[in-house]
Amino acid sequence: MTDKIEELEITLLLEALYQRFHYDFRSYSKASIKRRLRQLRERLGYRNFSAMLEGLLHDAAIFPQVISYLTVQVSEMFRDPSYFRALREHVVPHLRTYPSLKVWIAGCSSGEEFYSLAILFREEGLEQKTMFYATDINPGALEAASAGVYNLDRIRGFTENHQQSGGRSSLSDYYTTAYGKASFDRTLRDRVVFSDHSLVTDAVFGEMHLISCRNVLIYFDSALQDRTLKLFSDSLIRKGFLGLGSKESLRFSSESGSFLDYVQGERIYQKRDL
Amino acid sequence: MTTTAHIKAVVMGGSAGSIASLITIVRELPAAFEPSVFLTVHVPPSEKRNVLVDVLRSHCDIAIGEAEDKQPIQPGTLYVAPSDYHLLVESSGVLSLSSDEPVLFSRPSIDVLFESAADAYGEALVGIVLSGASSDGAHGSRAIQDAGGAVMVEDPLSAYASVMPLATLNACPGARVGSPGQIATYLKHL
Ligand SMILES: C[S@@+](CC[C@H](N)C(=O)[O-])C[C@H]1O[C@@H](n2cnc3c(N)ncnc32)[C@H](O)[C@@H]1O
């Protein structure tokens, strides 16, 4: 029913991205990826996807644009405050019992989710024993994350979210402002490693107490979601925690048996003690 | 425009002033209604759960629920886009959500739903555009028509807000036009 030629062209484009550039979007949710690619094709002014494929392979300027367009960068600090409140109330007490902690923010975008957790951990007195790993595949996003500078017009929303998440301090304690920007305190970055890691092609790199991976799985097809959840389960310590986005769940996944619903409604799961 | 294809799905979109029309329509759908139905209505992003689901549930005989990511699509079921996420239909027979940027200031976007459904269902699809004050839905309706599907809009003369049905009519001059009651009758006889 879909234009069969366009379908084939998209398959070829994704294959080229993988074989030539080692970025694997082949098992992303088809409808989303098609939409992004169509928008990009229009923006770049290509007549069809075959012309875009030629550009991708022969014009070095095209690849970075394709990557930044296919990896959707929409984020906020303390996005869905009730999630962070649930972490505070139900997961933090458990985390207190460990001598040291590892936390993985997978698909960290420009760092908003990492800074939210770093502030939450500082407020709860856990920061000093924690090592954070914040990973993404978008190089521009990782750079922005390690800079920790956001437009001032976003701070109001971040502040409201922080308060609703049960914040024990004022968000303004953590940034300084200049020229319409807010720069987050560099000491928040003392205990984090930002790195390029793909949930599709890279492997387990440590034993985590908590993995927060929000609004990334929705971009994957069911098979890739299952594979990623297996990666998470293999990366968690016994009884480790997994937090997903507010519209992501294990309900339709073959991996649901590896996890317990820990905070119902907030998509916080605990690895089963098998 | 007589449709000979067997209709497998209906997509509906609405915004300001569309809830009353929607209730009129879903109330008429018989329990044995076969097509899957997908609905995107612009709602404020603050709601944690889309309350529209509860409102519509009390008025309809077909199964209804908030759409979930990678949920398998069943016939005779009404899937409502959650607030603050786009809803897309996959050709593989499941739903997807996305947190892509708002389109025409809206997330969920009617265009995003309609375009993905046009790809997935082709001529086996009907698109319905109700009252609303933006032009969301026009592009998507055009995609449905181009893929061989049918489009019907709420009569701009009686709709609470005419901008949305008018924009769709501009994009799809051949679209059917009718009151919510007439839309319901059309759907019942697909
Ligand atoms: C919509 S953002 C979500 C940001 C943040 N987690 C939040 O919920 O606000 C999705 C992020 O996932 C990243 N991403 C996409 N594919 C990925 C992959 N294969 N591995 C790791 N990160 C990926 C994108 O680059 C983007 O930064």
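Criteria and cut-off values
- Residues numbered from 1 in each chain as written.
- Chains lettered and ligands numbered in written order.
- Predicted model: local features only at pLDDT ≥ 70, side-chain atom pairs only at ≥ 80, totals over all residues.
- Heavy atoms only, no water.
- Helix = DSSP H or I, 4+ residues; strand = E, 2+ residues; numbered from the N terminus.
- Rg over C-alpha atoms; globule rule 2.2 N^0.38 Å.
- Buried < 20%, exposed > 50% of the residue type's maximum accessible area, 1.4 Å probe, protein only.
- Contact = heavy atoms within 4.5 Å.
- Areas by Shrake-Rupley, 256 points an atom, 1.4 Å probe, with all protein chains shown as cover.
- Expected span 1.5 Å × (residues − 1).
- Polar contact = N/O pair within 3.5 Å; in protein donor to acceptor, adjacent residues only side chain to side chain.
- Pairing = 2+ DSSP bridges.
- Axes fitted to C-alpha atoms, helices over the stretch in contact; angles between N-to-C directions.
- Buried area = accessible area lost by both parts, 1.4 Å probe.
- Salt bridge = Lys/Arg side-chain N within 4 Å of Asp/Glu carboxyl O.
- Core = buried A, V, L, I, M, F, W, Y, C linked by side-chain atoms within 4.5 Å.
- Domains from an automatic or database assignment.
- Nonpolar A, V, L, I, M, F, W, Y, C, P; charged D, E, K, R; others polar.
- Parallel < 35°, antiparallel > 145°, perpendicular 65-115°, else oblique.
- Left-handed = near helix turned anticlockwise from the far one by under 90°.

When you look at the overall build of chain B in this model, what are you seeing that I'm missing?
Counting secondary structure elements, chain B contains 6 helices and 9 strands. Against the globule reference of 16 Å for 190 residues, chain B gives a C-alpha radius of gyration of 14 Å, in line with a compact fold. Dimensions of chain B along its principal axes, counting C-alpha atoms only, are 40 × 30 × 30 Å. A burial count over chain B gives 59% of its 190 residues as buried. Of the contacts formed within chain B by residues at least 6 apart in sequence, a portion of 70% connects residues at least 24 apart. For chain B, the computed accessible surface area is about 7100 Å², with 55% contributed by carbon and sulfur atoms.

Even after reading the chapter, I still don't get helix H3 (residues 110–121) of chain B, so can you show me in this structure?
At 3.6 residues per turn, the α-helix brings residues three or four places apart onto the same side. Residue and element names in this part refer to chain B. Between its first and last C-alpha, H3 extends 16 Å over 12 residues, near the 16 Å set by a 1.5 Å rise per residue. With 11 of 12 residues buried, H3 is to be regarded as a mostly interior element. Within H3 the residues assigned to the buried category are Ile-110, Asp-111, Val-112, Leu-113, Phe-114, Ser-116, Ala-117, Ala-118, Asp-119, Ala-120 and Tyr-121. Between a side-chain oxygen at the N-terminus of H3 and the backbone nitrogen of Asp-111 the separation is 3.2 Å; the capping residue is Ser-109. Just past H3, the residue Gly-122 takes up positive phi, approximately 55°.

Please explain the sheet that holds strand S10 (residues 268–271) of chain A as it appears in this structure.
All names here are of chain A. Reading across from one edge, S6-S2-S1-S7-S8-S10-S9 is the order of the 7 strands in this open sheet, with mixed pairing throughout. Since the sheet does not close on itself, it has two edges, and those belong to strand S6 (192–196) and strand S9 (259–263), each with one partner. When the angles between neighbouring strand axes are averaged without regard to direction, this sheet yields 20°. Taken together, the 5 bridges between strand S2 (residues 130–136) and S6 define a ladder with parallel strand orientation.

How should I be thinking about the interface of chain B and chain A in this particular structure?
A common way to express how large an interface is: the accessible area buried when the components associate. Each partner contributes residues to the interface: chain B has 28 residues there, and chain A has 29 residues. Here chain B and chain A share an interface that buries about 2400 Å² over both sides, 42% of which is from carbon and sulfur atoms. Contact with chain A buries surface across chain B, with Lys-70, Tyr-85 and Asp-119 of chain B losing the most and accounting together for 25% of the total. Counting the contacts that link chain B with chain A gives 7 salt bridges. For the salt bridge of Arg-36 of chain A with Glu-101 of chain B, the shortest nitrogen-to-oxygen distance reads 3.1 Å.

Would you explain the nonpolar core in this entry?
Side chains that are nonpolar tend, in soluble globular proteins, to be buried together. One finds Leu-17 and Phe-25 of chain A together with Phe-38 of chain B to be the most contacted residues of the largest nonpolar core, which totals 76 residues. When residues in this core are grouped by element, the largest group, 7 residues, is from H3 of chain B. Residue-level mapping places this core at the junction of two domains, with at least three residues from each of domain 1 (2–71) and domain 2 (81–271) of chain A. Counting 40 residues, the second-largest nonpolar core is a separate cluster that includes Ile-105, Leu-126, Phe-184 and Leu-188 of chain A.

Is there a simple way to think about the sheet that holds strand S7 (residues 125–129) of chain B in this case?
Each strand in a sheet pairs with another by means of backbone hydrogen bonds, the pair being arranged parallel or else antiparallel. All names here are of chain B. Across the sheet, 7 strands lie side by side as S3-S4-S2-S1-S7-S8-S9; this open sheet has parallel pairing. Taken across any chain shown, the strands that pair with only one partner, and hence form the sheet edges, are strand S3 (63–66) and strand S9 (176–178). Shown here is a sheet whose adjacent strand axes are inclined to one another by a mean of 20°, direction ignored. Bridge count between S3 and strand S4 (residues 77–80): 4 bridges; the pairing is parallel. By the bridge assignment for S4, Gly-65 is matched with Tyr-79. In the packing of helix H5 (residues 163–171) onto the sheet, contacts are made with strand S1 (9–14), S7, strand S8 (150–154) and S9, and the angle to S8 comes to roughly 150°.

Can you walk me through the domain arrangement of chain A in this structure?
Residue and element names in this part refer to chain A. By domain assignment, chain A separates into domain 1 (2–71) and domain 2 (81–271). Taking only C-alpha atoms, the centre of domain 1 and the centre of domain 2 are 29 Å apart. Ranking the residues of domain 1 by area buried against domain 2 places Tyr-23, Ser-27 and Tyr-28 at the top, with a combined share of 50%. Our count for the domain 1 to domain 2 interface comes out at 4 residue pairs in polar contact (both at pLDDT 80 or more). Partitioning the side of domain 1 that touches domain 2 into residue classes produces 5 nonpolar, 5 polar and 1 charged.

Any chance you could explain the pattern of salt bridges here in plain terms?
Working definition: two side chains of opposite charge can pair if their charged atoms are close together. Tallied over the full model, the rule gives 29 salt bridges over all chains. Glu-124 of chain A is the partner of Arg-88 of chain A in a salt bridge, and the nearest nitrogen-oxygen pair spans 3.0 Å. Of this pair, Arg-88 of chain A sits in helix H5 (residues 81–95) while Glu-124 of chain A sits in the loop between helix H6 (112–123) and S2, placing them 36 residues apart in sequence. Across this residue pair, the class does not change: Arg-88 of chain A and Glu-124 of chain A are buried. One connected set of salt bridges, linked through shared partners, spans Glu-6, Glu-7, Lys-34, Arg-38 and Arg-41 of chain A together with Asp-119 of chain B.

Is there a simple way to think about the environment of Gln-270 of chain A in this case?
All names here are of chain A. Here Gln-270 lies in strand S10. C-alpha separation for the pair Gln-270 and Gly-125, spaced 145 residues apart in sequence, amounts to 22 Å. Setting aside its immediate chain neighbours within four residues, Gln-270 contacts His-94, Lys-239, Gly-240, Phe-241, Ser-258, Phe-259, Leu-260 and Tyr-262.

Would you explain unusual backbone geometry in this entry?
Negative phi is the rule for most residues except glycine; trans is the rule for most peptide bonds. Residues and elements named next belong to chain B. The amide bond that connects Arg-107 to the next residue, Pro-108, takes the cis arrangement and shows omega of 10°. Structurally, Pro-108 can be placed in the loop between strand S6 (95–98) and H3. Even without a glycine there, the phi angle at Asp-84 is positive, about 75°. For Asp-84, a relative accessible area of 24% puts it in the partly exposed group.

Any chance you could explain the packing of H5 of chain A against helix H8 (residues 155–164) of chain A here in plain terms?
The description of two packed helices rests on the angle between their axes and on the distance between the axes. All names here are of chain A. Between H5 and H8, the shortest axis-to-axis distance is 8 Å and the interhelical angle comes to 40°. Between H5 and H8, the crossing angle belongs to the class labelled oblique. Every pair of crossing elements has a handedness; the one defined by H5 and H8 is right-handed. Here Pro-81, Arg-85 and Arg-88 of H5 come into contact with H8, specifically with Asn-161, His-162, Gln-163 and Gln-164. In terms of residue class, the contact of H5 with H8 is made up of 1 nonpolar, 4 polar and 2 charged.

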